[in-house]
Structure formats: C-alpha cells, structure tokens
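Chain and residue survey
Listed here are the chains, written in short residue letters.
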Amino acid sequence: MGKYIIKRLYLMVLSLFVIMTFLFILIRLLPFHVAGAPGADNDYALILREAYGYNEPILVQYGIFLWNIITKFDWGVSMQISWLTPVSKVLFDRLPSTMYVNLFAILISIPIGLGLGIFAALRKNKIEDQIISVGVMLAISVPSFVTAFLLQYIFYSKLGWLPAIMTATDESGWFSWDTIKSIILPVFSLAVGSIAGFTRYTRAELTEVLTSDFMLLARAKGLTRTQATINHALRNSMVPIFPMIVGEFISILGGSLIIENIFAVPGVGKLYLTSIQKLDYDVFMFVSMFYVVIGLVAALMVDLSYGIVDPRIRIGGGKAE
Amino acid sequence: MKKILKLAALSLAVVSLVVGCDGNGEGVDRYTYSTFDVSSPKTWNPHEWETNTDAVIIGYTEMGLYDFVLNEEKIGYDIIPEMAAGEPVDISDTLTEAERTRYGVGEGDAGLKWQINLNQAAKWADGEVINADDYVYSMAQLLSPDILNRRADSFYAGTLTLGNARDHRYGGQQVYLNLSDDGESIDGKTYFSMFKTLAFLSYTESMADYYLEYGADYFPIGVAAFESGDYGTVDDPSMIEVTDENSAAIIEIVTEFESLFGVAYPQFSDEIFFKLCEFPAFAFDGAERAVGLVKSGDYQITLYLAAPITEFYLKYNLSSNWLVKESLYEAGKSEVSGLTKTNYGTALNNYMAFGPYKLSQYQLDKLIVLEKNDNWYGYSDGNHNGQFQTDIIRITIVPEHATALQMFEKGEIDDIGLQASDMNKYKNSSNLLFTPESYTRKITFSTDWNSLASRQEAGINKTILTNIKFREAFSWALDREDFTQSLTSGSIPYVVPINELYVADPETGVAYRNTEQGQSVVDEVFGDNENGYDIAKARALLIEAYNEEIASSKAGHLVSGDEVKLTFWVFGEDAIYTNYASFFDTALKALAVGTPLEGKISVEKQVDEDYPDRMMNGGADMCFSTWGGATMDPFGIMQVYTDPDLKYEYGFDTENERLTINVGGTDVTNTWVDWNYELNDGNGDYSASKADLETRLDILSAMELALVQKWVFASIYAYSNASLYSYKIQFGTNDYVNLVAYGGIRFMTFNYDDAEWDNYLKNNTLDYTK
C-alpha cells in the first residue's frame, strides 16, 4: 500500500509538471494584455511586460517561473483583478467563501441523496420510486444555471423568503443567521446535482444488493428487513458510493463558475471566470493549477478509499498468488 | 418544560432588544445610496487606475482642484473651485527667461504660467492637512521614471502639458516617439512597428491585432510580413529600422492597411513611423531643469506649461486630482525587476481619501461601503449646503445582470442599467433615465446613378434612390420610436446628425442643440415631429418621386411594373442585423401601400464585414453610418460629412457641390469641403480664432440643415443607455447634462430615509413598469 501511494504521488507530481508546462506555454503564447485608452500611456504595459520577463525566450521564462515557485512560492502577481497582489493571495482570499458554500452543499446532499436512494430502492417500482426517479432525471438534465435562476426567482423575487445573493461576510460574519440564510439558495443550487447523483447511485447499488443471495440468507437467518438492509445491504452498496463522497469532500475547495457568479459568492469559481474575462494570465495559471491539484488529489483519495470501504480490494498489490 | 419555554422566550426577547439597539441611534435619519458593480476595482490608485470600475471609488473619495457641478437652472454646468481656493490666475506676464529655460515653458505670452491657491481647509481623511508639499510629492511620484505610472501622460499627452513632464517621465531611457513629437532623433533613422496600438483605433488595437483577427484574406501582404517575423513578433514587438532595402515593402504593408479604411488617416503615418530619442535623467526639481509644478507657498502651487492652455481647459484638466498620501504610497512600494510599484489603493488600509466620502468597508468581489468623511471641508464651509445628502454609499458586487435586476425590483439597489431585452417591460416607466452618447446612427444612401444602375437587373430598379423625394419619403416612413424601442437598449429617436451631447460653448456647457441655431434645424425640417414619422407625407412624396422617375429619360430609370429592390449592407449574420433589415423592409412596404409601388418594394440584408469600405466606394445601396466623439467641438464633426475620404454618402460630391450660406448678412458660397476648411482649419476664415461663436454656429447650423435636406442619410437615433432609478432616490435633474450627467452624488436627494424605505418595502410591492 505504501509503495502504491508513493508511486501514485510520483505520478501525480509528474502529471502536474506536464500539465503545468503545457499550460504555461499556451498561456505565454497568448497576446499580452495591452489595454489602452485615450490619455493613457500604452508604453507602460510593454515596459511592465519586459520587467516581468515576458520578452525572454519561452524556456527562459519557464525557468524563471519554476525558480520563483520553488524558491519563493511566487506564482506571479495579478495585473487585472487585484493590482500587483500575489496570485496565491488572490486565490486563498477567496477560498473560504467557496469552501463555506460547498461544505454546506455536501452536508445537505449526502444525507438527502443517500436517504432518497435508499427509500427509492426499498420502494422499487412503486409510485414513490417513480416520483424520485423523475425528480432525479430532472435534476440531472436541467442545467445548474437554470435551477439557480429558478430558485432565485421563486424564493427571492416572488416569495421574498431568502436573499438573492450571499451577504458580505466582512459585514455580517461567517456564522450569523444573515449569512447562513443568504447561502441557502447557492447551497441548494449546488446540492441539487449531487443529491440526484447520490440518489441514483445508491438506488442502483442497493437495488442490486437487495436481490443478492446473501440478503436472502440474512432474512432466512431471522433478521428483519431493516436489520438486513442496514447491516448487510447498505454496507455492500457503499463500495462505489463512498469514493464519490470522498471526491465530493475534496471538491469543496473548487468553486462553481456559474453558481458563484449568479449568487455573487466571492469564491474561486468566480475568480477563475474573471481571470479569463480580464485576461489576468498569472491568476488564470494559478487557479488552473489549483484545480488540477484538486483533481489529482481527489482521484488519489478516491482510489485509496476503495480499500477502506471494502478490505477485499487491495490496491497496487502484485499478481494474485 | 414550561420553564424552559419561558427561558427561551426571555432569551429571544433579550436578543431582540440587543439587536434592536444597534449603534446607529434611534431617530436619526440615515440615507443610504445602494448601487452595484459587476466586479471590484483592481486598483483605485489615482496614478494607475484603468477602467470605469477602477474609477468608482475615486469618484466619491477624491476631489479635484475644480469641479463641474450642475448649474442653478439645471440645464448646464458651473465650474467651481474645490481643492483650490479660487480661480487659477494666469501670470504668464511674469515669466522670466530663466523660468522658461528651467521649466521648458512653451512659446507665447499667455496661458503658460498659472498660479493656484489651495484650499487651506482641505484635509486627508485622517485629519492631516493637505498643503502644497502633498501636491508636489504626488506629482513627482506620478511622473517618476522609476514607477512608470499608467496615468502619467495625463500631464503631458493631452491639453495640459506640464513643462518637462514628458522628458522627466522618460528620463534615463531611450524611447521611440512619433515622428511629429518634440524630440531629437539620436541616430537620424526612421523606425516602423506594426505592434503599437493606434489612436485612430482607440488605442486598443495595432496593425498586428488586425492581422491576427482578420487574417490573410483581408491583409495578404501584411499577414505575410507579420508571419515572416521580419518585423518583430508578438513576443518581441521590436521596432524595425526603415532602410533602402525594406522601405518599399513597408510602404506596401502600410498602403494595404490604409485601404481597409479607405483613407490615409491624417495621423496614421505618424503613428506607425518612429524616431529613437534619448532622454537624459534629471530631478523633478532640478536646478537646471525641472518639471513645471512648483510649490510657491505653503498653500499655493504654480504651473509652468509647455503649451498654452485656456482657463476652461486648465480647470477641466484639474477636475481630477493626483494626490496620494505619502506614508501609504511609500509603504506600499516594492521592486519588480528594477521597476518600482506601489500597492496604494488596493485595500482598505493602504489608501487615504480626501473627498466627501471615505472607504469604510472593502470586501474583494463582494462589497464596497463608503461613509461621509467627517474631515472633508465641504461639510462645514457653508458652500455645500443642500449637497451630499447621502450618508452611506453601498456598492454590492453583482456579476449577473438578471440577479441585479431582481434586486432592483425588490428595492435593494437604487439604480440599474437596462439591456435591450429589458426595454419592452420598462419602456413606460416614469423612473427611466436615458444617458446619451455622442454617436448618432443614420441610414446612409448611395445617390450615385451609375453605380446603382450597374447593379440593376431586368425588372429591378435601384436608381430611384437618387431621387431626393424618394429618400425623403423613406425617412418620413421610419417610425424611429418603434425602432429604438424594439431594437435598441434605450437609444433615443433622433432626426438630425448632431445630437444633444455636443457643447456649443465649453465655458457654459450649453449644448449646440439647445442654441437658437441648433434648434432651428429641427424646427425647419421636422417641426414638432421629433419622431420624424409621417406616413401620409411619406406616401405623397413617394408618388411624386415615382412619377418623376417614370418620366425620366435617363438610361436605367424606373419603368412601370419595375420592382424596387434595395440592399442594406451589414457587418454580420447576427439576428440583430436581420431585424434591422426587416424593420426597413416592413417600413418601405407600409410606405408603398396605396401607391404604384405597392407590393413592389423591398429591402434585403447583405453581409460584408467591410461594408463601410463598400459603401464609400459605391458598392452598396444603403448601410448604417454612425459618427460621434469630440463632444466639445460640434464644428469638427462636419469633417466626416464633407471629407471625400471619410464620408459614407457615395454620390454626394462635396468637392464640387456648392453651398451658399448667409454670413452676417452676406451670401458666401463655397464647396462643402471648403466650408469645412473655413470652419475648422486654423487658417480658415471662420475658425475659432477668427470668427465669433455666433457666426460659427450660424454656419454650422446652415451646413447641418442643408445636409439634412439633401436626404443623403436619414438620422434614426442617438445612442443612449437606459437605466432605472428607484423610488427612494432623486437625481439633481432627470435631463442629462454634459460633463455632470444628472448631478451625481452631490445633488442626489432621497424620498425616503433608510427606515422609511424599509417600511415602505414591507407594505408595498415595487412596480417600475409604469
């Protein structure tokens, strides 16, 4: 297992390096942002470009870039979003908002998703199951921005029960009722897809397990249906679902581009979108790498979690004797 | 259990009491203006800001030496001293030779040396006084060659040119300057670059940008040169020396580029050919050579200028300020590869206000809150009574328009710009405001018989466009109100080419359109019909035009039974262009009802990305043409209607057609080109320096009237952005005034204080559709 983790970590770093290299080259090939307006000094942008090493050959630029990361963890500064602020600060300042909203979304989606999935599996092919299945299909097929605008329109504009956007935490604090109330809509907009995913997987897995021979044996031994479901069926059906949960938790760090924009959540997703719109290349590079790291770590954790849920699964072992 | 419930109820009551007693105090009226922006500013350092969003905070927290304010009648502006203690005094007569040499003062004996007394009551938001040292320090930083601030050229590239400012800013550097700029070439060579952003492309694009955007189909020569790398690359946009070997090739590149615009822009060659100059470094206040901003008293500064300036333009340029707080500016400095930069104005704690408001809260990408700056002199000097009623300004960051619109409808924000799709819902709102732009959009007609006839086929006629009555009928058949409401986001129906943003007299701000001369043009042609739509009149004109054309003996004239098919040329295939063409098609079909052309007239959309060039060269029947800009000079816009290289109206021979204008009781006849020369060239008989304003206005209005009555174009609308404001607030005026808009935060008043507004919202549903 240890060997496997080391190997995976090595591969992860390698993947990271390859992606970073490609990203760096592609980004540096893009035209530099030389915005100007009557009355503004356009030479200034070109001089800055030189000062930041953009005029060096691309390999030299990459060398400088790597050296700055290794020696100072300096990924550059924001030129368009937050003037000359280190990009790491630009991102980490926004991380709490993203984590805050995503954490609530996951805390809601796991129990609801699992609960609905279990209920649907137990009531397989009954009206309740069919209603849930229709709901799941709708939640999966309707784009998240439609869901978000719909929720906003109903609960803010029409009913007036909830705020349209997330309130400023500097003003109301992270855990005030005002703030919590203001994230209900983004949280639910984010959770809808996850709930549907968990429900679908849980129902599918549990339905299969419930018809297994060992379940018949469990019932034959005298266990009640509830006991058999909880102690045997549910645990077995968790093998593919648990890694999903692990992946969801890691993705807490990554914001949703669309939802954060609609509900004005000052998070990573919105930052990513802004960096593209404003051509803030260093920010775009850093946020991209941040997402890459999240993706790679999530993949690793998901793989490792299989072994935790089902000890029969051995990862990285040699050929079976 | 009952005890627990009682305890819980008691706790709730206590909490409610605590929440109710917030620090705002009971009974104090508080006025909050809530607005929004789509993102946070990247910096509000007055030396570095770039976008409108960047300028939002500065607009509330800083004050110029002079400010433009809504005048008492609310139809123009006054210019008042703010951070200055009085009017600037032209003391050019005291200039000595030593001063001229030291400060690089320009030629002349007026408008070159100005003395300004500073407002001694001015303080930073922390209570420290602002004196002449602050102004000198801030200017030295702004122009520092070590910092290279983005806004440095505000003091050497525009109408206000501080002596030696440019040379100090470039000190110690070799710089490529345009050929016509002041400065000695160090090597006598000429250089060429296709990577410099060009003024006539609004400084946003270079030749290389066009090559990347449009490719070899449009610029075979330029793109080949660009791709060869011989003229630099995007990563290395170096200057290329023009030599005997490459000069012919460069001329070919330039000629091809010019041909896109159909003209050799007057400034074009100057913008792409350069000379290399070297600027020796010298101190901001050097003994031999210094920048022309000097402390002449603790509360007095003197400006030495490289070029003379009038008092109006001096105050105009000084209506924004360059002050920065030294301690914070210095603390924020850091080195980037030998370049010094500061983070001044990027966070709550590294910026200091000196205007009516100060920053009290700043959460990146979320919220900006400003509150009254108690140390601002204006709240106690007695000169600002009744102004700045707003206590708090809340700017929420809301990236999505749909979200912001819902928040507006719920009373959470007080104003919002509308999009075209919103207009149908809010077009009748009493809270609608229109912010005009200088651009007027017109449908321009080709009036050249030969080119129109050459595109005709059997049974299809186009030459009817040369008939002035037909074109007039076309214009009267356009319901401009319908057009603007259905196809624009708040633009205003307009029947003449110069719109209300053009200022006749900068000193008073009076719009040309509001002058007697400007108004007479509209009155004479359209009377009260500002929509320019009269279908009965249009049909009568169409019948007359039809009869005249049928009776014509020219080859290619309209014959009975012909169908009139006109092509309307547009940039692309987007739906909006189809809608434009469809509107004109419908209008013409409606016009023809009951006439011999009923069912025999149509407009068809044709696409060409280069349609202006096509129109200017006679290859199109009709297209949109739009002109604007330079709103302080309504006379100058005549150039685009008279210059053969600029005008869209093919067939209108401005070089030979003559126009007689009565000037001061005498009839004067000139060609259209010559009239433009006489009015706008420095040597012209009726230029600003040779003729009085009234005479110039008489000529301008006569030219505009004659243009309108030629019907070579039909003005349709003046560009304008529509916005809604809430029932809570009231602007100083609801009629847009140039340079001061609706009066700004200075004249904003409130119909409800915050508590009343909250109460109103609880008991009422807002409806902005009426």
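Residues numbered from 1 in each chain as written. Chains lettered and ligands numbered in written order. Predicted model: local features only at pLDDT ≥ 70, side-chain atom pairs only at ≥ 80, totals over all residues. Heavy atoms only, no water.

1. Concerning the overall build of chain B
For the record, the criterion: The secondary structure listing takes helices from DSSP runs of H or I that are at least 4 residues long and strands from runs of E that are at least 2 residues long, numbered from the N terminus. This radius of gyration counts C-alpha atoms alone. The globule rule is 2.2 Å times how many residues there are, raised to the power 0.38. The classification of residues rests on relative accessible area computed with a 1.4 Å probe and restricted to protein chains. Under 20% of the type maximum is buried, over 50% is exposed, and intermediate values are partly exposed. Here, two residues are considered to be in contact whenever any of their heavy atoms come within 4.5 Å of each other. Methods summary: accessible areas were calculated by the Shrake-Rupley approach with a probe of 1.4 Å, and residue burial reflects only the protein chains presented. In this tally, Lys and Arg are treated as positive and Asp and Glu as negative; His is ignored, and so are the chain termini. Think of each charge as sitting on NZ of Lys, CZ of Arg, CG of Asp or CD of Glu.
Regarding its fold elements, chain B presents 24 helices and 30 strands. Against the compact-globule benchmark of 27 Å for 770 residues, chain B has a radius of gyration of 30 Å, which places it among compact chains. Across its three principal directions, the C-alpha atoms of chain B cover 95 × 85 × 60 Å. Taking all 770 residues of chain B together, the buried fraction comes to 54%. Taking the intrachain contacts of chain B between residues at least 6 apart in sequence as the baseline, contacts between residues at least 24 apart amount to 70%. Carbon and sulfur atoms form 48% of the exposed surface of chain B, whose accessible area is close to 32300 Å². Across chain B, the mean location of the 55 positive side-chain charges is 7 Å away from that of the 119 negative side-chain charges.

2. Regarding the packing of helix H6 (residues 144-158) of chain A against helix H12 (residues 401-409) of chain B
To keep it simple, the criterion reads: Orientation is described by lines fitted to C-alpha atoms, with helices fitted over the stretch in contact, and by angles between N-to-C directions that extend from 0 to 180 degrees. Angles below 35 degrees are treated as roughly parallel, those above 145 as roughly antiparallel, those between 65 and 115 as roughly perpendicular, and all remaining angles as oblique. Ten residue types, Ala, Val, Leu, Ile, Met, Phe, Trp, Tyr, Cys and Pro, are classed as nonpolar, four, Asp, Glu, Lys and Arg, as charged, and the remainder, Gly among them, as polar.
The N-to-C vectors of H6 of chain A and H12 of chain B enclose an angle of 5°; their axes lie 11 Å apart at closest approach. With respect to each other, H6 of chain A and H12 of chain B are oriented roughly parallel. Taking contact as the criterion, the partners of Phe149, Gln152, Tyr153, Tyr156 and Ser157 of chain A in H6 of chain A are, on H12 of chain B, Ala402, Thr403, Gln406 and Met407 of chain B. By residue class, the composition of the contact of H6 of chain A with H12 of chain B is five nonpolar, four polar and no charged.

3. Concerning the nonpolar core
All names here are of chain B. Rule in force here: Definition of nonpolar core: a set of buried residues of the types Ala, Val, Leu, Ile, Met, Phe, Trp, Tyr and Cys, connected through side-chain atoms within 4.5 Å.
Core analysis: the biggest nonpolar cluster contains 88 residues, and Leu65, Met83, Leu162, Ile301, Leu303, Leu318 and Trp322 have the highest contact counts within it. When residues in this core are grouped by element, the largest group, six residues, is from helix H4 (residues 132-142). Once residues within four sequence positions are removed from consideration, Leu162 is found in contact with Met139, Leu143, Phe155, Val291, Gly292, Leu293, Leu303, Tyr304, Leu305 and Ala306. The next biggest cluster of nonpolar side chains, apart from the first, holds 87 residues, and it includes Ala581, Tyr611, Leu697 and Met703.

4. Here's the deal with the packing of aromatic side chains
Filter applied, for reference: Centres within 6.5 Å are what make two rings of Phe, Tyr or Trp a pair, Trp counting through its six-membered ring; a difference in plane orientation under 30 degrees is then read as stacked, over 60 as edge-to-face, and the rest as tilted.
Evaluation of the coordinates by the stated rule reveals 80 aromatic pairs over all chains. When the ring of Phe24 of chain A is compared with that of Tyr62 of chain A, the centres are 4.9 Å apart and the planes differ by 45°; the resulting orientation is tilted. Within this pair, whereas Phe24 of chain A is found in helix H1 (residues 2-29), its partner Tyr62 of chain A is found in helix H3 (residues 58-72), the two being separated by 38 residues in sequence. Relative accessible area serves as the criterion here: at 9%, Tyr62 of chain A is assigned to the buried category. An angle of 55° between the planes, with centres 5.5 Å apart, marks the rings of Tyr329 of chain B and Tyr344 of chain B as tilted. With a gap of 15 residues between them, Tyr329 of chain B in helix H11 (residues 326-331) and Tyr344 of chain B in the loop between strand E13 (339-342) and strand E14 (357-363) connect regions that are remote in the sequence. We note that Tyr329 of chain B, like Tyr344 of chain B, is buried.

5. As for the pairing of strand E27 (residues 666-671) of chain B
All names here are of chain B. Spelled out, the test is: DSSP calls a pair of strands paired once it identifies at least 2 bridges connecting them.
Pairing of strand E26 (residues 658-663) with E27 involves six bridges; the strand directions are antiparallel. Paired with Arg658 across the strands is Thr671, a residue of E27. In this structure, the hairpin formed by E26 and E27 is closed by a connection of two residues, where Gly664 is found at a positive phi of approximately 60°.

6. Side note on the confidence of the model for chain B
When pLDDT drops low, the exact placement of atoms in the prediction is not to be read closely. Residue and element names in this part refer to chain B. This is how the line gets drawn: You can read pLDDT as the predictor saying how much it trusts each residue, on a scale of 0 to 100.
Across chain B, the average pLDDT comes to 89, with 94% of residues at 70 or higher. For residues 1-5, every residue scores under 50 in pLDDT, and the model assigns this stretch zero contacts once sequence neighbours within four places are set aside. Reported confidence for the predicted complex is 0.83 by ipTM and 0.80 by pTM.

7. A few points about the sheet that holds E14 of chain B
What holds strands together in a sheet is hydrogen bonding between their backbones, with the strands either parallel or antiparallel. Residues and elements named next belong to chain B. Spatially, the four strands line up as an open sheet ordered E1-E16-E15-E14, and their pairing is mixed. Every interior strand has two partners, whereas the edge strands, strand E1 (32-37) and E14, have only one. Averaged over all neighbouring strand pairs, the angle between strand axes comes to 20°, with direction disregarded.

8. A short note on the environment of Val593 of chain B
Residue and element names in this part refer to chain B. Its location among the elements puts Val593 in the loop between helix H19 (575-592) and strand E24 (601-607). The partly exposed category is assigned to Val593, whose relative accessible area is 40%. On a C-alpha basis, the gap between Val593 and Lys565 in space is 16 Å, while along the polypeptide they are 28 residues apart. If we skip the residues at most four places from it in the chain, Val593 touches Arg539 and Glu598.

9. Quick look at empty space enclosed by the protein
Residues and elements named next belong to chain A. Formally: Lining residues are those with an atom within 4 Å of a point, where the points come from a 1 Å grid over the protein atoms alone and group into cavities, where a 1.4 Å probe fits but cannot get out, or pockets, open sets with protein on both sides within 12 Å along at least five of seven lines. Grid points are joined across faces, edges and corners, and a volume is the space filled by probe spheres set on the points.
Applying the stated criterion to the full structure yields four cavities of 30 Å³ or more. Of the pockets and cavities examined, the second largest cavity occupies roughly 40 Å³. Every residue along the wall of the second largest cavity is listed here: Phe24, Ile27, Arg28, Phe65, Tyr281, Asp282 and Met285. Breaking the lining of the second largest cavity down by element, the ones donating at least two residues are H1 and helix H14 (281-309). When grouped by side-chain class, the residues that make up the lining of the second largest cavity number five nonpolar, no polar and two charged.

10. Comments concerning the packing of helix H5 (residues 127-141) of chain A against helix H9 (residues 184-210) of chain A
All names here are of chain A. Selection rule: Helix crossings get a hand from a simple test, with the near helix turned counterclockwise from the far one by less than a right angle marking a left-handed crossing and a clockwise turn marking a right-handed one.
Where H5 contacts H9, the two axes come as close as 9 Å, and the packing angle between them is 135°. Classified by the angle between their axes, H5 and H9 sit oblique to one another. Judged by the sense of rotation from one axis to the other, the crossing of H5 with H9 is left-handed. Each of Asp129, Ile132, Ser133, Val136, Ala139 and Ile140 in H5 lies in contact with H9, whose residues at this interface are Val192, Ala196, Thr199, Arg200 and Arg203. Across the contact of H5 with H9, the residue classes break down as six nonpolar, two polar and three charged.

11. Quick word on unusual backbone geometry
Residue and element names in this part refer to chain B. Unusually for a residue other than glycine, Trp711 sits at a positive phi of about 50°. Here Trp711 lies in the loop between helix H23 (693-710) and strand E28 (713-725). A positive phi is found at Leu739, a non-glycine position, where the angle reads about 75°.

12. Considering the sheet that holds strand E11 (residues 300-304) of chain B
Residues and elements named next belong to chain B. Taken together, the four strands give an open sheet; going across it, the order is E4-E5-E11-E10, and neighbouring strands pair in antiparallel fashion. The open sheet has two free edges, formed respectively by strand E4 (89-90) and strand E10 (293-297), since each of these has just one partner strand. In this structure, strand E5 (residues 113-117) lies alongside E11, joined through five bridges in antiparallel fashion. Counted as the bridge partner of Lys113 is Tyr304 from E11. The strands touched by H4 within the sheet are E10 and E11, with E10 carrying the most contacts at an inclination of about 170°.

13. Here we look at the environment of Asp187 of chain B
All names here are of chain B. To be explicit about the condition: Polar contacts here mean pairs of N or O atoms no more than 3.5 Å apart (in protein, one a potential hydrogen donor and the other a potential acceptor; neighbouring residues in sequence count only if both atoms are side-chain atoms).
By the element assignment, Asp187 lies in the loop between strand E6 (173-178) and strand E7 (191-192). Judged by relative accessible area, Asp187 falls into the partly exposed class, the value being 29%. C-alpha of Asp187 to C-alpha of Glu278: the two residues are 91 residues apart in sequence and 9.9 Å apart in space. Only 3.2 Å separates the side chain of Asp187 from the side chain of Ser185, close enough to count as a polar contact. At a separation of 3.0 Å, a polar atom in the side chain of Asp187 contacts the main-chain amide nitrogen of Lys189.

14. Considering a negative patch on the surface
Going by this rule: A patch is a set of surface residues, each over 30% in relative accessible area and not in a salt bridge, joined within 9 Å for like charges and within 5 Å for the nonpolar side chains Val, Leu, Ile, Met, Phe, Trp and Tyr. Note on definitions: salt bridges are taken to be side-chain nitrogens of Lys or Arg within 4 Å of carboxyl oxygens of Asp or Glu.
Taken together, the side chains of Glu500, Asp523, Glu524, Asp528, Glu530 and Asp735 of chain B make up a negatively charged region of the molecular surface. Mapped onto the secondary structure, Asp523 of chain B falls in helix H17 (residues 516-526).

15. Looking at a nonpolar patch on the surface
Residue and element names in this part refer to chain A. A cluster of nonpolar residues, Tyr10, Leu11, Leu14, Phe17, Val18, Phe22, Ile25, Leu26 and Leu29, forms a patch on the protein surface that exposes about 880 Å² of accessible area. Position of Phe17 relative to the elements: it lies in helix H1. What makes Phe17 partly exposed here is its relative accessible area of 41%.

16. Looking at helix H18 (residues 535-550) of chain B
Residues and elements named next belong to chain B. Keep this limit in mind: Each helix should span, by expectation, one fewer than its residue count multiplied by 1.5 Å. An arc is given here, and it is the one of the directions from the helix axis to the C-beta atoms.
Over its 16 residues, H18 runs 22 Å from end to end, which matches the ideal 22 Å to within 8%, given 1.5 Å per residue. Among all positions in H18, only Ala538, Leu541, Leu542, Ala545, Tyr546 and Glu549 are buried. Viewed end-on, H18 has its buried residues packed into an arc of 145°, placing them on one side of the element. In this structure, the buried side of H18 is in contact with helix H14 (449-454), helix H15 (468-476) and H19.

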